[in-house]
Amino acid sequence: LLTIGVLVSGNGSNLQAIIDRIEDGSLPARIACVISNKADAYALDRAKCHGITVHVLDHRIHAGRESYDAALVELLRSHGVRLVVLAGFMRIVTPVLIGAFPHAIMNIHPALLPAFPGLHAQRQALQYGVKVSGCTVHFVDEGTDTGPIIIQAVVPVLDDDTEDTLSARIQKEEHHIYPEAVNLFAQGRLTVDDRKVIIAPAS
Ligand code: GAR
């Protein structure tokens, strides 16, 4: 069984989607811990409801990003984590975390990367005037939203969309593709070659 650690900062709807698929038996994984940089993240309540161990690691008590990430690595290792899942974790991670989990950190981003990286991806999409957008699950590398792409899903952008309506449409797809990407990892079907992710067929 794949042991995962989930990093959150907010609502945790993607965490919930992963929990739901573990509980319905379609995702062979175990969430060893949920770690938040914010004490009031609703994601922590979701985790506790399902009997999952939670930790708050406050970034304000660490001198810098590297020292924060070193504490994260120690905590994740103490739980035997093999895959780190960033689920609305609103912090830039450093080589300290990335080097400790090579090709074993995933992130979800609310745009079709490489378009609209960084903050407010849905607002960027609306301002640009694209007709489709979507979401991307990717391995985390040292850039911002630049790592090898695992799965993407597309949604239409409608003329009367607001940031909220577009975000909601995108999130619905996130809740399908994120658990699926974790599932592919759990089945050992993901390899990275020349920065590209290859998905092995189901055996
Ligand atoms: C998700 O929509 C995710 O794509 C986005 O934060 C949301 C978290 O929702 N991530 C980013 O914008 C990363 N730059 P959740 O807490 O309900 O899973």
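Residues numbered from 1 in each chain as written. Predicted model: local features only at pLDDT ≥ 70, side-chain atom pairs only at ≥ 80, totals over all residues. Heavy atoms only, no water.

Lining the immediate surroundings of the ligand are Asn11, Gly12, Ser13, Asn14, Gly88, Met90, Ile108, His109, Pro110, Gln171 and Glu174. Within the contact set of the ligand, an oxygen atom lies 3.4 Å away from a side-chain nitrogen or oxygen of Asn11. Contacts to the ligand include Gln171, whose side-chain N or O atom sits 3.0 Å from an oxygen atom. Protein coverage of the free-state accessible area of the ligand, which is 450 Å², stands at 85%. (Near = heavy atom within 4 Å. Polar contact = N/O pair within 3.5 Å; in protein donor to acceptor, adjacent residues only side chain to side chain. Areas by Shrake-Rupley, 256 points an atom, 1.4 Å probe, with all protein chains shown as cover.)

This next bit is on helix 5 (residues 121–128). Every buried residue of helix 5 is listed here: Ala121, Gln122 and Ala125. Taken around the axis of helix 5, the buried residues stretch over an arc of 100°, which confines them to a single face. For helix 5, the elements touching its buried residues are strand 5 (105–109), strand 6 (132–139) and helix 6 (163–186). One or two residues past the end of helix 5 sits Gly129, with phi positive at roughly 90°. (Buried < 20%, exposed > 50% of the residue type's maximum accessible area, 1.4 Å probe, protein only. Helix = DSSP H or I, 4+ residues; strand = E, 2+ residues; numbered from the N terminus. Arc of directions from axis to C-beta. Contact = heavy atoms within 4.5 Å.)

If you trace the backbone, Arg46 turns up in helix 2 (residues 42–49). Residues within four places of Arg46 in sequence aside, it is in contact with Asn11, Gly12, Ser13, Leu15, Gln16 and Ile19.

This part is about the environment of Asn183. Position of Asn183 among the secondary structure elements: in helix 6. For the pair formed by Asn183 and Asn37, sequence separation is 146 residues and the distance between their alpha carbons is 26 Å. Beyond its immediate sequence surroundings of up to four residues, Asn183 is in contact with Arg21, Ser26, Leu27 and Pro28.

Contact geometry for helix 1 (residues 13–23) and helix 6: axes closest at 9 Å, N-to-C directions at 50°. Here helix 1 lies oblique to helix 6, going by the angle between them. When you trace helix 1 past helix 6, the crossing you get is right-handed. Between helix 1 and helix 6, the residues in contact are Ser13, Asn14, Ala17, Ile18 and Arg21 and Gln171, Glu174, His175, Tyr178, Pro179, Glu180, Val182 and Asn183, respectively. Looking at the contact of helix 1 with helix 6 residue by residue, the classes come out as five nonpolar, five polar and three charged. (Axes fitted to C-alpha atoms, helices over the stretch in contact; angles between N-to-C directions. Parallel < 35°, antiparallel > 145°, perpendicular 65-115°, else oblique. Left-handed = near helix turned anticlockwise from the far one by under 90°. Nonpolar A, V, L, I, M, F, W, Y, C, P; charged D, E, K, R; others polar.)

Our focus in this paragraph is the layout of surface pockets. Here the largest pocket defines a volume of roughly 990 Å³. Gly88, Phe89, Met90, Ile108 and Leu119 are, among the 36 residues lining the largest pocket, the residues nearest its centre. Sorting elements by how many residues they give to the lining of the largest pocket places helix 6 first, with four residues. (1 Å grid on protein atoms, 1.4 Å probe; cavity = no way out; pocket = protein on both sides within 12 Å on 5 of 7 lines; lining within 4 Å. Points joined across faces, edges and corners; volume = space filled by probe spheres on them.)

Per the UniProt entry, the sites bearing "binding site: N(1)-(5-phospho-beta-D-ribosyl)glycinamide" (unreviewed entry) are Gly12, Ser13 and Asn14 in this numbering. The annotated residues that sit in the lining of the largest pocket are Gly12, Ser13 and Asn14. By the element assignment, Gly12 lies in the loop between strand 1 (2–8) and helix 1. Judged by its relative accessible area of 8%, Gly12 falls in the buried class. In contact with Gly12, other than residues within four places in its own chain, are Ala43 and Arg46. Mapping Asn14 onto the fold places it in helix 1. Ignoring sequence-local partners within four residues, the contact set of Asn14 consists of Ala87, Ile108, Gln171, Glu174, His175 and Tyr178. (UniProt positions renumbered as here; feature names shortened; annotations may be inferred.)

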